[in-house]
Amino acid sequence: MTDLRHHWWPLAPPAELEANRPLARTLLGVPLVVFRDARGQPAVLHDRCPHRHAPLSCGRIVHGEVACPYHGWRFAGDGRCTGVPGLDEPRAQTPLVPTVSARAAHGLVWACLAPGADTQAPVAPAVEAAVDSFLMTDTVHCGLAEAAENFLDGSHTHFVHAGWIRRDSQRQTVTAEVRRLADGIEARYSNEGLQSGLISRLLEGSRTESFGRFRLPGMAEIEYRGQRGLNLLITTWLTPEDGDRLRIHARVATRHGLAPAWLKRQILRRLFGVILRQDKTILEQTQANRTRFPEAPFLNTPLDLLGPSIRRLLAGEPLDDTVTRTVICRL
């Protein structure tokens, strides 16, 4: 099984770390408090005051330290207690609250529960520079593999997103080339014109190829390219809060163009908000039904291009040569 504790996971955009209010997050079942320390850097501690176990995330930030809401004990970003109201004696230098490694990257604050020499850097989007981009966040009750497969699966878009992405009555014959990545799996689609839904017609003047990729530990990415280069890149990081709840951070990027970034952001946030809600509904319905039929296995077809490989990767199983293939499909 892939040890998810040794990977970096995004917790929040930096803008959510307000000057005087800590942020509550959960990562792999561990409650955390996130805030900016006295240097303005992101800090992450276990969300528990050692005095009477009050959640530090319910307190406030005072000069870069988090103050407990119960008795006002204050803690620095390294977990040391810096003050106890009513006591004048010096505090112990030993950290009293466990810390979690934190860093800022790719427009997000990241945390790693058990960093080590083999820990990889936070997974970057395929394209970062020379684009207009913004972030969308949400939570969904489902597993990591199911959410990643849903995001990359073209077959459900005719029904869950009918009219928005594709229509069942206007399918195209598409060539999908599946290949292994150093840290994941990717499908490259060719011979596909513009999709029949509204989003493709609004965002793309042409299409030459598109990609769907999954990279460990939990990044799913869709990339559309046309004759002028990048049309659309959606990078989604899926952070497991616990066994069946994920926090989603989706970065939507488009090529610089005549339309100002703020206008594209307003329009696209509304459009993709609809898509996200539709996916969230079907994922949570599916998750609820899986608990009702816990022994029922999944059935796969050649159209399930990436889902089986995603499950193997998350289980720590190697991908064999059979995953590299070319599939002609009707999308």
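To start, this report covers the structure provided alongside it. Please read all numbers here as calculations on a predicted model, not as lab measurements.

It is worth spelling out the overall build of the protein at this point. A tally of helices and strands in the protein yields five helices and 18 strands. What you see for the protein is a C-alpha radius of gyration of 22 Å, in line with the 20 Å of a compact globule of 331 residues. Seen through its C-alpha atoms, the protein measures out along the principal axes to roughly 75 × 50 × 35 Å. Counting across all 331 residues of the protein, residues that qualify as buried make up 50%. Intrachain contacts of the protein at a sequence separation of at least 6 include 57% that bridge at least 24 residues. When the accessible surface of the protein is summed, it comes to about 16,100 Å², and 53% of that surface belongs to carbon and sulfur atoms.

Residues Leu152, Ile185, Phe214, Val252, Phe272, Leu306 and Ile310 are the most contacted members of the largest nonpolar core, which totals 59 residues. The greatest single-element share of this core, amounting to six residues, is contributed by helix α1 (residues 144–152). Not counting the four nearest positions on each side in its chain, isoleucine 185 is found in contact with Val178, Arg179, Arg180, Gly212, Arg213, Phe214, Leu306, Ser309, Ile310, Leu313, Leu319 and Val323. With 15 residues, the next largest nonpolar core counts Phe35, Ala43, Leu45 and Val97 among its residues.

Glancing now at helix α4 (residues 261–292). Relative to the 46 Å expected for 32 residues at 1.5 Å per residue, α4 spans 45 Å between its end C-alpha atoms, a close match to the ideal helical length. Buried residues of α4: Lys264, Leu268, Leu271, Phe272, Gly273, Val274, Ile275, Asp279, Leu283 and Gln287, and no others. On its buried face, α4 sits against β11 (131–140), α1, α2 (157–160), α3 (198–203), β16 (229–242) and β17 (245–255).

What the eight strands build is an open sheet, ordered β11-β17-β16-β15-β14-β13-β12-β18; its pairing is antiparallel. Each edge of the sheet is formed by a strand with only one pairing partner; in this case those strands are β11 and β18 (325–330). Along the sheet, successive strands turn relative to each other by an average axial angle of 15°, direction set aside. In terms of strand pairing, strand β12 (residues 173–181) meets β18 through six bridges, oriented antiparallel. Its bridge partner lying in β18, alanine 176 is registered against valine 327. Contacting β13 (184–190), β14 (209–215), β15 (219–226), β16 and β17, α1 crosses the sheet at an angle of about 5° to β15.

Counted under the stated rule, the structure contains 26 salt bridges. Measuring nitrogen to oxygen at the nearest pair gives 3.0 Å for the salt bridge that ties glutamate 65 to arginine 74. For glutamate 65, a relative accessible area of 15% translates into the label buried. You can call arginine 74 partly exposed: its relative accessible area is 27%. Here arginine 213 makes a salt bridge to glutamate 221, at a shortest N to O gap of 2.8 Å.

To continue, consider α1. Most of α1 is tucked away, with nine of its nine residues classed as buried. Residues Leu144, Ala145, Glu146, Ala147, Ala148, Glu149, Asn150, Phe151 and Leu152 constitute the buried set of α1.

Here we come to a nonpolar patch on the surface. Side chains of Trp262, Leu263 and Ile267 sit close together on the surface and give an oily, nonpolar patch of about 290 Å² of accessible area. Tracing the chain through its elements places isoleucine 267 in helix α4.

Basis of the calculations
Residues numbered from 1 in each chain as written. Predicted model: local features only at pLDDT ≥ 70, side-chain atom pairs only at ≥ 80, totals over all residues. Heavy atoms only, no water. Helix = DSSP H or I, 4+ residues; strand = E, 2+ residues; numbered from the N terminus. Rg over C-alpha atoms; globule rule 2.2 N^0.38 Å. Buried < 20%, exposed > 50% of the residue type's maximum accessible area, 1.4 Å probe, protein only. Contact = heavy atoms within 4.5 Å. Areas by Shrake-Rupley, 256 points an atom, 1.4 Å probe, with all protein chains shown as cover. Core = buried A, V, L, I, M, F, W, Y, C linked by side-chain atoms within 4.5 Å. Expected span 1.5 Å × (residues − 1). Pairing = 2+ DSSP bridges. Axes fitted to C-alpha atoms, helices over the stretch in contact; angles between N-to-C directions. Salt bridge = Lys/Arg side-chain N within 4 Å of Asp/Glu carboxyl O. Patch = residues over 30% accessible without salt bridge, like charges linked within 9 Å, V, L, I, M, F, W, Y side chains within 5 Å.

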